[in-house]
Amino acid sequence: MITIVTRSIFSQLLFSRLLGAIVIANVATLSVCNLLAVSVPSVRWLYPVALLTAGWLLSRLRVRPARITPSTLMVFVVSAFAIVVVGLRLPYILEWLPGNVVHVGWDDYGRLAQLTTMTLSEQYPLPHFANDDYLFSFYYTALYPLAWLKLVLPILTLKDTLFLGQAMYTILFVLSLIEVACHWMPSRASAWVMILGCTCLGGFDWIMSTLFTNTPLVGHHEWWQAEHTFHGNAQIPSPFSMIWWAFHHHTGYWAAALALVFATRCRAGSPRQRLLKSYVVGLMLVAAFYTSVFAFMPVMLFLLIQMRTVFRRLLRLHVALPLIALALPPLFLFTHKMGDGGFTIARFRIDLFDIVWLDRLASFPIWIILMVIIEFGGLPILAWFTLKNWSKSEKKYAGIALIYFLSTYAIAYSGANNYAMRGMALPSLVMIILLARHLPDWKPMRSVWTSIPGRGALITAAAILSIGTALEMTHVLVQSERNMKLSHAPADQQKHFPIDYRTLARDQSTTHYVPAPDEKSQHRYNAEKLIEIPIDHIDHWETELMRHPRTSFFH
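So, here's what we can say about the structure.

**Digging into the overall build of the protein**
Okay, step 1: Counting secondary structure elements, the protein contains 26 helices and 6 strands.
Okay, step 2: Its C-alpha radius of gyration of 24 Å places the protein within 12% of the 24 Å reference for a compact globule of 555 residues.
Okay, step 3: Based on the C-alpha atoms only, the size of the protein along its principal axes is roughly 65 × 60 × 55 Å.
Okay, step 4: Here the protein, with 555 residues, has 56% of them falling under the buried criterion.

**Considerations on the environment of Leu314**
Okay, step 1: Checked against the element boundaries, Leu314 lands in helix α14 (residues 307-314).
Okay, step 2: Separated by 32 residues in the primary sequence, Leu314 and Gly282 have C-alpha atoms spaced 6.5 Å apart.

**A few points about the state of the cysteines**
Okay, step 1: With the rule as written, the count across this model stands at 0 disulfides.
Okay, step 2: Lacking any disulfide linkage, Cys182 is separated from the closest cysteine sulfur, that of Cys198, by 13 Å.
Okay, step 3: What makes Cys182 buried here is its relative accessible area of 0%.
Okay, step 4: Among the cysteines around Cys266, which has no disulfide bond, Cys182 carries the closest sulfur, lying 15 Å off.
Okay, step 5: Judged by relative accessible area, which is 0%, Cys266 ranks as buried.

**Regarding the pattern of salt bridges**
Okay, step 1: Counted according to the given criterion, the structure contains 8 salt bridges.
Okay, step 2: Between Asp351 and Arg349 there is a salt bridge, with its nearest N and O atoms 3.7 Å apart.
Okay, step 3: According to the relative accessible area criterion, Asp351 is partly exposed, its value standing at 38%.
Okay, step 4: Overall, the relative accessible area of 18% leaves Arg349 in the buried class.
Okay, step 5: Within the structure, one salt-bridge network assembled from shared partners comprises Glu95, Lys159, Arg506 and Glu528.

**Some points on a positive patch on the surface**
Okay, step 1: Taken together, Arg274, Arg308, Arg312 and Arg316 make up a surface patch of like positive charges.
Okay, step 2: Tracing the backbone through its elements, the reader meets Arg312 in helix α14.
Okay, step 3: Given the relative accessible area of 41%, Arg312 is considered partly exposed.

**Examining the packing of helix α11 (residues 247-265) against helix α13 (residues 293-302)**
Okay, step 1: At a closest axis distance of 8 Å, the pairing of α11 and α13 adopts a crossing angle of 25°. In terms of axis orientation, α11 runs roughly parallel to α13. For the pair α11 and α13, the crossing hand works out as right-handed. For the pair α11 and α13, contact is made by His249, Gly252, Tyr253 and Ala256 and by Phe294, Ala295 and Val299, respectively.
Okay, step 2: Classifying every residue of the contact of α11 with α13 by side-chain character gives 5 nonpolar, 2 polar and no charged.

**What about a nonpolar patch on the surface?**
Okay, step 1: Taken together, Val32, Leu35, Leu36, Leu317, Leu321, Ile324, Leu328, Phe553 and Phe554 make up a surface patch of nonpolar side chains, about 820 Å² in accessible area.
Okay, step 2: For the nonpolar patch, the elements supplying multiple residues, two or more each, are α2 (14-36) and α15 (317-327).
Okay, step 3: Turning to its location among the elements, Phe554 is positioned in the segment after β6 (546-547).
Okay, step 4: Assessed through its relative accessible area of 33%, Phe554 is described here as partly exposed.

**Re helix α9 (residues 205-212)**
Okay, step 1: Listed in full, the buried residues belonging to α9 are Asp205, Trp206, Met208 and Ser209. An end-on view of α9 places all buried positions within 165° of arc, on one side of the element.
Okay, step 2: Directly beyond the C-terminal end of α9, a positive phi value near 60° is found at Asn214.

**Let's talk about the side chain of Arg111**
Okay, step 1: With respect to the helices and strands, the residue Arg111 is situated in helix α5 (residues 108-120).
Okay, step 2: Looking at Arg111, its side chain comes within polar contact range of the main-chain oxygen of Trp245, at 2.7 Å.
Okay, step 3: Apart from residues no more than four positions distant in its own chain, Arg111 is found in contact with Arg89, Leu143, Leu162, Trp245, Ala246, Phe247 and His248.

**Things to note about the packing of aromatic side chains**
Okay, step 1: The final tally for this structure, using the stated rule, is 33 aromatic pairs.
Okay, step 2: An angle of 25° between the planes, with centres 4.8 Å apart, marks the rings of Phe136 and Tyr140 as stacked.
Okay, step 3: Between Phe138 and Tyr139 the ring centres are 4.6 Å apart and the planes differ by 65°, which places this aromatic pair in the edge-to-face class.
Okay, step 4: By relative accessible area, which is 11% here, Phe138 ends up buried.
Okay, step 5: Members of the aromatic cluster, each reached through a chain of ring pairs, are Phe212, Trp224, Phe230, Phe348, Phe364, Trp367, Phe405 and Tyr409.
Okay, step 6: Here the guanidinium or amino end of Arg360 rests over the ring plane of Tyr409, the centre of that ring lying 4.3 Å away.

**Some points on the packing of helix α12 (residues 271-291) against α15**
Okay, step 1: Their axes nearest at 10 Å, the elements α12 and α15 cross at an angle of 25°. One way to sum up the angle between α12 and α15 is to call them roughly parallel. You can see that α12 and α15 cross each other, and the crossing is right-handed. Of α15, the residues touching α12 (which contributes Leu275, Ser278, Tyr279, Gly282, Leu283, Val286 and Tyr290) are His318, Val319, Pro322, Leu323, Leu326 and Ala327.
Okay, step 2: Here the contact of α12 with α15 is built from residues that sort into 10 nonpolar, 3 polar and no charged.

Rules used in this analysis
Residues numbered from 1 in each chain as written. Predicted model: local features only at pLDDT ≥ 70, side-chain atom pairs only at ≥ 80, totals over all residues. Heavy atoms only, no water. Helix = DSSP H or I, 4+ residues; strand = E, 2+ residues; numbered from the N terminus. Rg over C-alpha atoms; globule rule 2.2 N^0.38 Å. Buried < 20%, exposed > 50% of the residue type's maximum accessible area, 1.4 Å probe, protein only. Disulfide = S-S within 2.5 Å. Salt bridge = Lys/Arg side-chain N within 4 Å of Asp/Glu carboxyl O. Patch = residues over 30% accessible without salt bridge, like charges linked within 9 Å, V, L, I, M, F, W, Y side chains within 5 Å. Areas by Shrake-Rupley, 256 points an atom, 1.4 Å probe, with all protein chains shown as cover. Lys, Arg positive; Asp, Glu negative; His and termini not counted. Charge placed at Lys NZ, Arg CZ, Asp CG, Glu CD. Axes fitted to C-alpha atoms, helices over the stretch in contact; angles between N-to-C directions. Parallel < 35°, antiparallel > 145°, perpendicular 65-115°, else oblique. Left-handed = near helix turned anticlockwise from the far one by under 90°. Contact = heavy atoms within 4.5 Å. Nonpolar A, V, L, I, M, F, W, Y, C, P; charged D, E, K, R; others polar. Arc of directions from axis to C-beta. Polar contact = N/O pair within 3.5 Å; in protein donor to acceptor, adjacent residues only side chain to side chain. Phe/Tyr/Trp six-rings, centres within 6.5 Å; stacked < 30°, edge-to-face > 60°. Lys NZ or Arg CZ within 6 Å of the ring centre and 35° of its normal.

In structure tokens:
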């Protein structure tokens, strides 16, 4: 009975279509709001209209039968992963307990700031949340469901919407992941490899970080390369790290992956179905671009593999024109920006000869070895042994993924280097998929899997590769606990709450807040209000999300 139910639920890409409808509705709302300069409260009805339209469009797709059916254990493990991830932001809604004050943690102060202008501004284009003489730039497309919740239910705080929104994206992602695995993988063993690779794979960052940066074992180990020994920041985050720290980037990367899912797993027998599929794939790519431009970067390379299909399906006039009309209006968000961010030369090198260019050349093979072993747990080495079984198309995808990976040794993006951190998400997924499709059929692996001791060894290996994720989860849990208990902490910890943020966030009669001159930017948005700060007092991260006032369509 359970098998019949799971086959019915996961064979039709229901969750993938729902997530696809949300990301399409996000970008459609973004485009219409900025094109027509509508009032912010209009999102209350614009977004549901966009969501229903996108949902209807995706519901018309005819899906091919899934190749496998997920096991009950598989669904349980994925659900447990989602529950843990969602539960880590639980303190946000616990602020409703009497006397409990919660301080947003991690990078959520940025999302909190972005949501203030999405819910408290008067109209589009949105003013910047710290100084309304300037405009708010990109990064907020994935936040539309959260902003809509706040607009229709003002009693909610923005912290509430962060908890609910991230929960929605996480749950839909893991359920969509099961669906994609069932459609793309040839066996349950392959599906297990893909699912574990997209959720719990943590690599060995924690070893390098502990050794070279003196980070506590239970800590955030993503930045092991930033230490002086390596001179660089070309880190590739684990799947959990991306899901947790930057769910908007993660949503953008998965939207690009779903575009390929819909392109390969949906039928196109009639001209109408072919046209429908072309629109859906094109809309998913536009949505991926505006959800995370960094996660979208490798898409342009992967499209080269399907160039013939792209020209035949997506670049036809009656398909391309509506997509261009949707994509053009918000493009000004990327132009005439205030921040000094941009592409730069990647810095990774080890001091071997005290000559920079010679160190760079000599460090290249060291970098490849370290990245393969540390970031990916050595799994690409195993994938290499299955190379003879790869199809011509799979080899092309692996080649593009390798090209993008190698480019991160030369190219970086200033600041956190999202060229590698977010841009490598899709190439990493390609590696995981190829590994998952062929590793279980590799003869030595088949012989190991058929014995009980062999299965135990494989489960142990999977647990070892998940240690990094477990440590990161524990670190986040500790921080969550600290954020929740600050209201009951000793006086020396109360400095994190210089004012009563809790009362301000629930005061619906005011939209602005004047922070103290020495109040940290990571703290002041807990008031959940628009603020006004002189441009010369704005922090770098706030400037990155700022553009000059608009004087023409793109300028």
